[in-house]
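Chain by chain, the residues:
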Amino acid sequence: MKKIIACFALTGLLFACKQPEPRKPVSYSSGTFIKESVQRNKNIVQDEEKLIQNVIKKDSAHHYYQSTLGFWYKYDVAVTTDSLLPKKGDIVKLDFEIYDINSNLIYTKAETTPKVYAVDKQEIMVGLRHAVKLMHKGETVSFIFPSHMAYGYLGDKEKIGTNVPLICKVTLNDIKPE
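Residues numbered from 1 in each chain as written. Predicted model: local features only at pLDDT ≥ 70, side-chain atom pairs only at ≥ 80, totals over all residues. Heavy atoms only, no water.

Undergrad: Please clarify how the overall build of the protein chain should be interpreted in this entry.
TA: Check the secondary structure of the protein chain and you find three helices and seven strands. Starting at the N terminus and ending at the C terminus, the protein chain contains elements arranged as α-α-β-β-β-β-β-α-β-β. Compactness check: the protein chain gives a C-alpha radius of gyration of 30 Å against a globular reference of 16 Å for 178 residues, more than 25% above the reference. Within the protein chain, buried positions represent 36% of all 178 residues. Long-range pairs, those at least 24 residues apart, make up 67% of the contacts in the protein chain with a sequence separation of at least 6. Charged side chains of the protein chain number 25 positive and 20 negative; the gap between the two group centres comes to 13 Å. (Helix = DSSP H or I, 4+ residues; strand = E, 2+ residues; numbered from the N terminus. Rg over C-alpha atoms; globule rule 2.2 N^0.38 Å. Buried < 20%, exposed > 50% of the residue type's maximum accessible area, 1.4 Å probe, protein only. Contact = heavy atoms within 4.5 Å. Lys, Arg positive; Asp, Glu negative; His and termini not counted. Charge placed at Lys NZ, Arg CZ, Asp CG, Glu CD.)

Undergrad: Help me understand the pattern of salt bridges, please; the structure alone is not making it clear to me.
TA: Side chains that differ in sign of charge can pair as their charged atoms come close. As enumerated under the stated definition, the model contains eight salt bridges in all. Note that K74 and D59 form a salt bridge whose closest N and O atoms lie 3.0 Å from each other. Of the two residues, K74 sits in strand β2 (residues 72-77) while D59 sits in the loop between α2 (32-58) and β1 (65-66), which places them 15 residues apart along the sequence. Like K74, the residue D59 is buried in the burial classification. Of the charged contacts in the structure, one is a salt bridge between D120 and K133, with a shortest N-O distance of 2.9 Å. Here D120 is found in the loop between β5 (116-118) and α3 (126-131), whereas its partner K133 is found in the loop between α3 and β6 (140-145), with 13 residues between them in sequence. (Salt bridge = Lys/Arg side-chain N within 4 Å of Asp/Glu carboxyl O.)

Undergrad: Any chance you could explain the nonpolar core here in plain terms?
TA: Across soluble globular proteins, nonpolar side chains show a tendency to be buried alongside one another. In this structure, V92, L94, I98, M125, F143, F145 and V170 are the most contacted members of the largest nonpolar core, which totals 27 residues. A total of five residues in this core trace back to one element, the largest contributor, which is strand β7 (residues 166-176). With near-sequence residues (within four places) excluded, F145 lies in contact with F71, M125, G127, L128, A131, A150, P165, L166 and C168. Counting nine residues, the second largest nonpolar core, distinct from the first, contains I52, Y64, Y99 and I144. (Core = buried A, V, L, I, M, F, W, Y, C linked by side-chain atoms within 4.5 Å.)

Undergrad: Help me out: how do you make sense of the environment of A6 in this one?
TA: You can see A6 is positioned in helix α1 (residues 2-17). Overall, A6 belongs to the partly exposed group, its relative accessible area being 43%. With 168 residues separating them along the chain, A6 and D174 place their C-alpha atoms 95 Å apart.

Undergrad: Sorry if this is basic, but what is going on with a nonpolar patch on the surface here?
TA: On the surface, F33, I34 and V38 cluster together to form a nonpolar patch covering roughly 320 Å² of accessible area. Residue class for V38 comes out partly exposed when judged on its relative accessible area of 41%. (Patch = residues over 30% accessible without salt bridge, like charges linked within 9 Å, V, L, I, M, F, W, Y side chains within 5 Å. Areas by Shrake-Rupley, 256 points an atom, 1.4 Å probe, with all protein chains shown as cover.)

Remember, this is a structural readout, not a statement about activity or role.
Here it is in structure tokens:
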């Protein structure tokens, strides 16, 4: 009888000393949110591509170039005598205007900043950061940026809404090497 009680006591002690196992949180990871987001963004890019192509077709008087980064541009004033292009660290002076895809003026030259820009060392619209490096001193170029190269899904929180493709008319006034 003492052995039976001792066995029960020993068994009770063994089970009582066991650490409680925490419950694992219930999580369902189907990935549908990510998949839906990717599809939504693909649709936005596709729709913007159609809008941009329509703008280019309507402007048959100019030749448009497509950059490797996904924006388009035309030369309003081209400079063929200068071979100097801005590179990282150079200081450029520029003026630019911002239009919506239907060529309605959003920001004038007086409203846009920066006027002086340290190439790849200052914050500026993504498309403009890359576009400036394609320009020579004295050129005026019109760039058409899809929304992801402009202000994206946030807009500028003032005049530019979400997912708005933009046209930027940029004049590069000066380049000062680093």
